[in-house]
2 protein chains.
Amino acid sequence: LQQLLRFGILGSGSWATALAKLLTDNGHTINWWIRNGDTIQTIQKRRHNPHYLSATYFNVALLHMHTSIVDVITKSDVLLVCIPSAYLQPALFELPNDIFQNKKVISAIKGILPNAKHQLLNEFLEEFFHVPLTNYFTVMGPCHAEEIAAEKLSYLTFSGEDTDMAATLAAYFKSECLNTVVNHDIWGTQYAAVLKNIYALGAGIAHGLEYGDNFLSVYIANATYEMVSFLRRVMIYKQSPDTDKITYASSVYLGDLLVTCYSLFSRNRTLGNMIGKGYSVKVAQLEMNMVAEGYPASKGIHHINKEINSSLPIVTTIYQILWEGLPAAEGFKKIEEVLK
Amino acid sequence: LQQLLRFGILGSGSWATALAKLLTDNGHTINWWIRNGDTIQTIQKRRHNPHYLSATYFNVALLHMHTSIVDVITKSDVLLVCIPSAYLQPALFELPNDIFQNKKVISAIKGILPNAKHQLLNEFLEEFFHVPLTNYFTVMGPCHAEEIAAEKLSYLTFSGEDTDMAATLAAYFKSECLNTVVNHDIWGTQYAAVLKNIYALGAGIAHGLEYGDNFLSVYIANATYEMVSFLRRVMIYKQSPDTDKITYASSVYLGDLLVTCYSLFSRNRTLGNMIGKGYSVKVAQLEMNMVAEGYPASKGIHHINKEINSSLPIVTTIYQILWEGLPAAEGFKKIEEVLK
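Only a predicted model underlies this, so the values are computations on that prediction, with no experimental measurement involved.

About the criteria used
Residues numbered from 1 in each chain as written. Chains lettered and ligands numbered in written order. Predicted model: local features only at pLDDT ≥ 70, side-chain atom pairs only at ≥ 80, totals over all residues. Heavy atoms only, no water. Axes fitted to C-alpha atoms, helices over the stretch in contact; angles between N-to-C directions. Helix = DSSP H or I, 4+ residues; strand = E, 2+ residues; numbered from the N terminus. Parallel < 35°, antiparallel > 145°, perpendicular 65-115°, else oblique. Left-handed = near helix turned anticlockwise from the far one by under 90°. Contact = heavy atoms within 4.5 Å. Nonpolar A, V, L, I, M, F, W, Y, C, P; charged D, E, K, R; others polar. Buried < 20%, exposed > 50% of the residue type's maximum accessible area, 1.4 Å probe, protein only. Polar contact = N/O pair within 3.5 Å; in protein donor to acceptor, adjacent residues only side chain to side chain. Pairing = 2+ DSSP bridges. Right-handed = clockwise from strand over helix to strand, strands pointing away. Least-squares fit on C-alpha atoms with pLDDT ≥ 70 in both. Arc of directions from axis to C-beta.

**Student:** Could you give an account of the packing of helix α9 (residues 213-237) of chain B against helix α13 (residues 294-308) of chain B, naming the residues involved and the relevant values?
**Tutor:** Residue and element names in this part refer to chain B. Between α9 and α13, the least distance of the axes is 10 Å, while the angle of their chain directions is 55°. Looking at the two axes, α9 sits oblique to α13. The two elements α9 and α13 cross, and the hand of that crossing is left-handed. Residue-level inspection shows Phe230, Arg233, Val234 and Tyr237 of α9 in contact with α13, the latter providing Ile301, Ile304, Asn305, Glu307 and Ile308. Of the residues assigned to the contact of α9 with α13, the class counts are six nonpolar, one polar and two charged.

This is the structure in structure tokens:
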């Protein structure tokens with residue numbers, strides 16, 4: 001069975017490129033949806049993606065690249081979704097609603113969809129494409145794509161209600177440079193990936209406000225507490241069987257939070273730093289000219305939490321700084337009070 | 001009552017100097033044991049400690065400095081112990097065994113005493129000076145002394161069986177630049193402070209072996225799990241009433257682990273880095289010419305754990321690298337296998 005699964009990758013950013021490297025390094029053929037025909041031609045000719053991880057060279061005999069997303073989905077058994085959450089709905093909306101029938105989907109998306117329901121990908125796919133949860137998986141964890149490219153040992157966690165299948169999927173990726181972990185918790189892993197971006201944005205604000213390393217460590221320790229409390233409540237809300245069985249001090253939860261908060265180069269941290277230094281949110285975003293996922297995520301979680309109803313003093317304050325004009329310094333004075 | 005407590009500081013390293021600054025900035029007079037008379041004269045004349053945090057200037061009218069430890073203990077109600085654990089027993093051994101009678105002791109020591117029993121300070125003081133646990137307190141938390149000197153907001157945790165008194169003591173230190181937390185868990189806070197140095201030494205080894213940021217975050221997340229498991233078992237072993245009531249995702253546990261593991265300048269990390277790069281433990285130590293507390297701590301915890309009996313794959317491997325000649329690269333191959 002294992003050798004028969006045909007993988008399709010949707011998206012061609014740095015994370016898609018890193019996952020394509022992992023699969024092809026293991027000798028697996030992949031179908032790859034790349035919207036831009038010129039990029040496909042360059043990869044064919046030059047053996048690398050000119051826009052992302054350009055030092056990563058592919059065995060192009062293993063790449064079947066298409067500008068048609070329908071072709072890639074139709075020809076694949078497993079779809080690895082690596083499209084930034086902001087662009088996902090436009091990419092999928094016009095597809096026939098049975099196109100994912102009998103397909104497995106692995107989400108590599110670390111965000112909430114920007115729709116009125118603030119959906120995770122599985123909720124969106126279930127509503128519009130009838131993808132059952134049993135066919136849905138996530139691949140998450142602390143992975144700077146640059147370190148995958150540099151073949152530094154990393155850990156990815158494959159989650160799914162069907163843990164046997166999650167293990168089977170993981171085996172396609174595992175290598176000398178990549179260890180894989182299997183878990184059951186698709187809700188917690190996805191929300192953890194959303195939350196960490198908000199906390200990293202806050203770490204950037206703290207840095208911009210000239211708090212030091214002592215404070216940062218206290219902030220992150222308390223963010224960990226807040227995140228775990230939220231994830232526990234989500235589990236209860238979703239009636240997950242995993243409630244209280246999860247080891248949150250592991251790579252996909254705490255590890256990912258740490259690598260994101262401590263990374264000096266993340267977009268979230270950079271945006272936060274500018275806001276801490278006194279730029280308005282709008283000017284900081286224009287200046288950066290790219291998307292920092294913590295920004296929409298703070299709004300999404302703020303709304304979702306109206307149902308989950310967890311105590312989120314840090315996220316709420318960051319939301320108020322980003323969306324309601326609370327001055328950053330004032331917001332962090334409030335955060336100072338709740339840390340312990 | 002609060003205004004009447006007379007504080008004495010034992011030790012004159014960077015942490016002692018930072019704590020002296022906190023107390024005197026709040027207007028409190030202190031007795032200060034400084035072994036070296038020349039240092040006392042310089043502080044009197046130049047208003048700063050020439051050896052540590054030399055940019056910190058004191059109101060010398062508040063400093064009563066003595067080369068005699070007996071004078072300082074006798075004249076004080078509360079003794080703040082800031083002597084590195086390796087030098088503590090020689091400093092105290094010849095004192096009369098009733099000298100701490102009716103005194104409160106606050107330990108700022110982040111280590112195990114290098115004696116056959118691998119004692120924490122409270123165990124040593126109880127055995128040799130009959131200091132009851134009710135008179136014993138700890139001050140711990142993620143505090144680079146340099147950031148205290150620079151007046152960056154930091155958080156210190158005061159722990160004691162007598163939490164009312166811990167709160168009273170904490171109030172002497174609290175300021176605009178220092179928030180204080182009170183907790184009950186003197187065992188866990190002390191062992192956490194010991195363990196973090198071992199994990200930071202390991203983080204240094206990993207860095208020396210050229211693991212990247214993805215791996216480091218996974219390593220620290222799993223170290224957190226291992227530390228919390230150990231602390232939980234200690235609580236049961238000591239029959240502490242705090243079992244299961246502790247928030248480990250807070251400054252004194254996780255926060256201190258983070259600031260120590262991520263600090264590029266810590267002695268533990270520097271020693272680890274040299275060992276990871278291939279220096280022998282002995283050469284690395286000679287080269288550094290100072291004490292990295294994680295080195296003796298790994299031996300201490302290794303022995304203590306014969307009674308506590310917690311699963312410590314990371315600490316055990318670091319112990320084997322440091323004390324039993326296990327090659328660092330081989331040790332980390334073993335650690336890779338247990339991370340998740």
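Structure's up, so let's keep going.
**Student:** Hey, could you go over the environment of arginine 269 of chain A for me, with residue numbers and the actual values?
**Tutor:** All names here are of chain A. Within the secondary structure, arginine 269 is located in helix α11 (residues 267-276). Residue classification places arginine 269 among the buried residues on the basis of a relative accessible area of 7%. Taking C-alpha positions, arginine 269 is 5.5 Å from alanine 200, a pair spaced 69 residues apart along the chain. Excluding anything up to four places from it in sequence, arginine 269 contacts Ala200, Gly204, His207, Leu216, Cys261, Tyr262, Ser263 and Leu264. Among the polar contacts listed, one links the side chain of arginine 269 to the side chain of histidine 207, at a separation of 3.3 Å.

**Student:** Quick one: what's the story with the pairing of strand β8 (residues 178-183) of chain A, residue by residue and with numbers?
**Tutor:** Residues and elements named next belong to chain A. Sheet topology note: the strand β7 (residues 154-160)/β8 ladder contains six bridges and is parallel. Bridged to phenylalanine 158 within β8 is valine 182. Taken together, β7, helix α7 (residues 163-173) and β8 form a β-α-β motif whose crossover is right-handed.

**Student:** Give a detailed account of the relation of the copies chain A and chain B, specifying residues and quantitative values.
**Tutor:** Structural alignment of chain A on chain B gives an RMSD of 0.0 Å, achieved by rotating through 180° and translating 0.0 Å along the axis. Here the copies are linked by what is in effect a two-fold axis. Interface overlap between copies is the fraction of interface residues in one copy that are interface residues in the other; for chain A against chain B it reaches 100%, indicating a shared surface.

**Student:** Lay out the sheet that holds strand β3 (residues 63-66) of chain A with the relevant residues and their values.
**Tutor:** All names here are of chain A. With mixed pairing, eight strands are arranged side by side in an open sheet as β3-β2-β1-β4-β5-β6-β7-β8. Edge positions in the sheet fall to β3 and β8, since each of these pairs with one other strand and no more. Taken over all neighbouring pairs, the strand axes of this sheet differ in orientation by 25° on average, direction set aside. Running over the sheet, helix α2 (residues 37-46) touches β2 (30-33) and β3 and is turned about 160° from β3. Lying on the sheet, helix α5 (residues 121-129) is in contact with β4 (78-81), β5 (104-107) and β6 (136-140); it crosses β6 at an angle near 155°.

**Student:** Can you break down helix α15 (residues 328-338) of chain A residue by residue, with the values?
**Tutor:** Turning to α15 of chain A, its buried residues are Ala328, Gly331, Phe332, Ile335 and Glu336 of chain A. In an axial view of α15 of chain A, the angular spread of the buried residues amounts to 150°, which keeps them on one side of the axis. Along its buried surface, α15 of chain A packs onto α8 (186-208), α9 (213-237), α11 and α14 (313-323) of chain A together with β7 (154-160) and β8 (178-183) of chain B.

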